[in-house]
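# Tertiary structure, described
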Amino acid sequence: MIKCILLDFDGTLVDSMKMHTKYAVYFIKKYKNMPEWMIRKKYLASAGLPFRYQLDLFFDDEKLKERIYNEYVEKVHAELIKIPPYSDVKDGIEILKRKYTIAVTSGTKQEFLEEYMSRYGLNPDIIMGFRPPEFEKSRHIEYLIEKYGFKRNEIIFVGDSPLDMKRAKEKGIYTAVSYTHLRAHETSLHLVCRLLLE
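Residues numbered from 1 in each chain as written. Predicted model: local features only at pLDDT ≥ 70, side-chain atom pairs only at ≥ 80, totals over all residues. Heavy atoms only, no water.

## Thoughts on the overall build of the protein chain
Rules: Elements are defined by DSSP. Helices are runs of H or I of four residues or more, strands are runs of E of two residues or more, and each kind is numbered from the N terminus. Residue exposure (1.4 Å probe, protein chains only): buried if accessible area is under 20% of the type maximum, exposed if over 50%, otherwise partly exposed. Methods summary: accessible areas were calculated by the Shrake-Rupley approach with a probe of 1.4 Å, and residue burial reflects only the protein chains presented.
Each helix and strand in the protein chain was counted, giving ten helices and five strands. Here the protein chain holds 198 residues, and the buried ones make up 49% of them. In the form shown here, the protein chain has an accessible surface area of approximately 10200 Å², with 53% of it arising from carbon and sulfur atoms.

Here is the structure:
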């Protein structure tokens, strides 16, 4: 029996992946002599990881990685805070909370994620962002199990990243196809609610 719905943030609750990709490619290319198409391919293949960890795929110098990460975060947060969630998200979360515990997971910094939720009136039960050095998305499922007592077969993960879906399955968590993709084919107001409640 499902008790907890774990929702990805970027690309699932908010249409932000194009923006993330744009600035990731820009800041990596700024410091790396590599064709843009190759940077984009490597970045997208690792989508779902915190950007700080994605930089390990391109650079060895720790100080340089920290510099790029800080530049990226400053720009992305300034842009992301202006992008509202998908139109059905706020009501959808409230409807789902009638039956489930709703958690949000993200590679975005914890402080910013909380600020975003507050600004747009989103009220999931649990908000889990990136808290350096180790509290990142791969730890969030274990956190739900350890702190809140959910069993693995009581959690369903909804996300848009193939890497996230793969990792959730490896941890024994049910997964659902991202309703971001499904929105391209259906536009009913409470699509996510209908998909998960039916």
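## Structural notes on the nonpolar core
Just so we agree on the cut-off: Buried Ala, Val, Leu, Ile, Met, Phe, Trp, Tyr and Cys residues that are joined via side-chain atoms within 4.5 Å together make up what is termed a nonpolar core. Here, two residues are considered to be in contact whenever any of their heavy atoms come within 4.5 Å of each other.
Of all hydrophobic cores here, the largest spans 40 residues; its most connected members are Ile5, Phe9, Phe51 and Tyr72. Elements that contribute at least two residues to this core include exactly strand 1 (4–8), helix 1 (17–31), helix 2 (36–45), helix 4 (62–80), helix 5 (89–97), strand 2 (101–109), helix 6 (110–119) and strand 4 (155–158). Those residues within four positions of Phe9 in sequence are excluded, and the remaining contacts are Val14, Leu80, Val104, Thr105, Ser106, Thr108, Leu113, Tyr116 and Met117. Counting 14 residues, the second-largest nonpolar core is a separate cluster that includes Cys4, Leu6, Ala103 and Met165.

## Some remarks on the confidence of the model for the protein chain
Inclusion rule: The pLDDT value expresses, per residue, how confident the predictor is, ranging between 0 and 100.
Of all residues in the protein chain, 87% attain a pLDDT of 70 or more, and the chain-wide mean is 84. Element-level pLDDT for the protein chain is lowest in helix 9 (residues 179–183), with a mean of 46, against a maximum mean of 95 in helix 6. Low pLDDT, under 50, characterises residues 180–198; the stretch is placed with 38 contacts to residues that sit more than four places away or in other chains.

## Some thoughts on the environment of Pro162
Note that Pro162 resides in helix 8 (residues 162–170). Taking C-alpha positions, Pro162 is 8.9 Å from Ser46, a pair spaced 116 residues apart along the chain.

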